[in-house]
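Residue strings, one per chain:
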Amino acid sequence: MAFEQVIGQQEAQQRLTQLVSEGRLPHALMLCGPAGCGKKALAMGLAALLLNRTANDAAMLAKWEHPDLHFTYPTIKLPSMGSDHKPVSDDFASEWHELISISAYFTMTEWLEQMGGENQQAIITAGESDALIRKLSMKSSQGGYKVSIVWLPERMNIECANKILKLLEEPPKQTVFIMVSEEPERLLETIRSRVQRIDIRRIADADIDNALQQKRGIQPEIAHRITRMANGNWLKATEMLMADSENEQFLDLFQQLMRLAYMRKVRDLKRWSEQMASLGRERQKRFLNYFLRLVRENFMYNFHQEELCYMTQREEDFARNFARFINEANVLPITDLVTRAIRDIGQNANAKIVFFDMAMQMIVLLIQK
């Protein structure tokens, strides 16, 4: 069962297995790579490989509730928590196990939603390092390894990072640390120097295509299109399967803006900007990032090279008639305009003003040849 959740990554699986079989496993590993490449799934697979010694171990690992497996992850402070309480992973253990029992592939956004803090900044606190030190100081309950998986260690605050550093310098006996990082450069250099880094590549297209067809039952033609758009990111592939409703709404909003701007319907554009302002800032930012992607894809569509375009069927249907309006003269100004809008929304500017200004400037930009 060790690596059964992993999509592709046979080379990484083989390397990790070889480290164990040859007795060369270091006390601290850091798996680094882009989002959606399967780092967390590989870490959990390695943990299962180290801990699965008996039928009882296998039963506990099937639920990811083995007493010698410890998960550390970013958390938030809930209103119900006391002012002096430093949130720790154990505060959200049931939410975490609910997610990982479904899949080892999920985003920070999904984790925040699971905790009930979509608008908060999740961190790993000093309280977490204290709790981990206590857990790892105890003897292994099963007489083998103790495994500590730290998801996104770059989110440790400085107090926590310093305490974890001491733990890495003097690790408890038969303890293996597996860090899973997307931004390792944000970690203390002293921590990076005490772990063996393994870089995980994007997932091969053939592996994503096969997983979509075999695991999700997706028809080959649709699987091929999703695979190309996912670009080695399983999270993006599953997002396209599950988040169609929001993307459909965003495409409708994109089409509305472009059509109204082309027809110079200022009053309707004002109503469009008011509709955008009602979405909430997080969805506004997601729309603007979606907007940037469609501008880029429509520009590339003009080159008539299918391998350069990554669009859904409906997006491509719209691009057939619209793409000619995104050209060398306006693609960079439009990109700059939307990038500024993302910045302004992030800085809590008045959304109605931001989107109405964007809509007015789009009128001018669409007629540039």
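Figured I'd write up the structure that's included with this text. (Residues numbered from 1 in each chain as written. Predicted model: local features only at pLDDT ≥ 70, side-chain atom pairs only at ≥ 80, totals over all residues. Heavy atoms only, no water.)

Observations concerning helix α2 (residues 39-51)
Its 13 residues give α2 an end-to-end C-alpha distance of 18 Å, which sits within 8% of 18 Å, the value for a rise of 1.5 Å per residue. Taken across its 13 residues, α2 has 12 buried, putting it largely inside the fold. (Helix = DSSP H or I, 4+ residues; strand = E, 2+ residues; numbered from the N terminus. Expected span 1.5 Å × (residues − 1). Buried < 20%, exposed > 50% of the residue type's maximum accessible area, 1.4 Å probe, protein only.)

Comments concerning the sheet that holds strand β2 (residues 69-72)
Taken together, 5 strands build an open sheet; the order of strands is β2-β3-β4-β1-β5 and the sheet is parallel. The sheet is open, and its two borders are formed by β2 and β5 (196-199), each paired with just one other strand. Across the sheet, the axes of successive neighbouring strands diverge by a mean angle of 20°, strand direction being ignored. Two elements, strand β3 (residues 146-151) and strand β4 (residues 175-181), share 6 bridges in a ladder whose sense is parallel. (Pairing = 2+ DSSP bridges. Axes fitted to C-alpha atoms, helices over the stretch in contact; angles between N-to-C directions.)

Comments concerning the packing of aromatic side chains
As enumerated under the stated definition, the model contains 19 aromatic pairs in all. Ring geometry for Tyr-73 against Trp-96: centres 4.1 Å apart, planes inclined by 10°, an arrangement best described as stacked. Of this pair, Tyr-73 sits in the loop between β2 and α4 (93-102) while Trp-96 is found in helix α4, placing the two residues 23 residues apart along the sequence. Comparing Tyr-73 with Trp-96 shows no difference in burial state: the two are buried. Seen from their ring centres, Tyr-262 and Phe-325 are 5.2 Å apart, and the 65° between their planes marks the pair as edge-to-face. Within this pair, whereas Tyr-262 is found in helix α12 (residues 244-263), its partner Phe-325 is found in the loop between α15 (313-322) and α16 (331-346), the two being separated by 63 residues in sequence. Sitting over the face of the ring of Phe-106, Lys-40 holds its NZ or CZ atom 3.8 Å from the ring centroid. (Phe/Tyr/Trp six-rings, centres within 6.5 Å; stacked < 30°, edge-to-face > 60°. Lys NZ or Arg CZ within 6 Å of the ring centre and 35° of its normal.)

Some details on helix α9 (residues 205-214)
Here α9 has its buried residues at Ile-208, Asp-209, Ala-211 and Leu-212. Buried positions in α9, seen along its axis, are confined to an arc of 165° and lie on one side of it. In α9, those exposed residues whose orientation departs by more than 90 degrees from the buried face are Ala-206 and Gln-214. (Arc of directions from axis to C-beta.)

Observations concerning the pairing of β3
Where burial is concerned, most of β3 is hidden: 6 out of the 6 residues are buried. Neither face of β3 is open: one carries Lys-146, Ser-148 and Val-150, the other Val-147, Ile-149 and Trp-151, and all of them are buried. Summarising the sheet, β2 and β3 pair through 4 bridges and their orientation is parallel. Looking across to β3, one finds that Leu-69 is bridged to Val-147. Read as a crossover between parallel neighbours, the route from β3 over helix α7 (residues 158-169) to β4 is right-handed. (Right-handed = clockwise from strand over helix to strand, strands pointing away.)

A closer look at the pattern of salt bridges
Think of it this way: side chains of opposite charge can pair up when their charged atoms draw near. Counted by the stated rule, this structure contains 21 salt bridges. Residues Lys-163 and Asp-130 are paired through a salt bridge, measuring 2.8 Å at the closest nitrogen-oxygen approach. Within this pair, whereas Lys-163 is found in helix α7, its partner Asp-130 is found in helix α6 (residues 126-137), the two being separated by 33 residues in sequence. Close ionic contact of Lys-285 with Glu-282 constitutes a salt bridge, the shortest N to O distance being 3.4 Å. Taken together, the residues Lys-285 and Glu-282, both in helix α14 (residues 281-301) and 3 residues apart, mark about one turn of the helix. A single network of salt bridges, built from pairs that share partners, joins Lys-86, Asp-130, Glu-159 and Lys-163. (Salt bridge = Lys/Arg side-chain N within 4 Å of Asp/Glu carboxyl O.)

Quick word on the nonpolar core
Counting 61 residues, the largest nonpolar core has Leu-69, Phe-71, Trp-111, Ile-149, Trp-151 and Trp-234 as the members making the most contacts within it. Examining the composition of this core, we find that 9 residues originate from one element, α2, more than from any other. Core analysis: the second largest hydrophobic core is formed by 40 residues, Leu-251, Phe-254, Ile-342 and Val-354 among them. (Core = buried A, V, L, I, M, F, W, Y, C linked by side-chain atoms within 4.5 Å.)

Some points on the packing of α9 against helix α10 (residues 220-230)
At a minimum axis separation of 9 Å, α9 and α10 run at an interaxial angle of 140°. Classified by the angle between their axes, α9 and α10 sit oblique to one another. Considering how the two elements wind past one another, α9 and α10 form a crossing that is right-handed. Side by side, α9 and α10 meet where Asp-205, Ile-208, Asp-209, Leu-212 and Gln-213 of the first sit next to Pro-220, Ala-223, His-224, Ile-226, Thr-227 and Ala-230 of the second. (Parallel < 35°, antiparallel > 145°, perpendicular 65-115°, else oblique. Left-handed = near helix turned anticlockwise from the far one by under 90°. Contact = heavy atoms within 4.5 Å.)

Topic: unusual backbone geometry
One non-glycine residue with positive phi stands out, namely Gln-174, at about 55°. Secondary-structure assignment places Gln-174 in the loop between α7 and β4. Here the phi dihedral of Arg-264 falls at roughly 60°; this positive angle occurs in a residue that is not glycine. By secondary structure assignment, the location of Arg-264 is in the loop between α12 and α13 (266-277). According to the relative accessible area criterion, Arg-264 is exposed, its value standing at 52%.

Quick look at empty space enclosed by the protein
Under the criterion given, the structure shown has 1 cavity of 30 Å³ or more. Lining the largest cavity, in full, are Leu-50, Leu-51, Arg-53, Asp-57, His-66, Asp-68, Ser-140, Gln-142, Gly-144 and Tyr-145. By residue class, the composition of the lining of the largest cavity is 3 nonpolar, 4 polar and 3 charged. (1 Å grid on protein atoms, 1.4 Å probe; cavity = no way out; pocket = protein on both sides within 12 Å on 5 of 7 lines; lining within 4 Å. Points joined across faces, edges and corners; volume = space filled by probe spheres on them. Nonpolar A, V, L, I, M, F, W, Y, C, P; charged D, E, K, R; others polar.)

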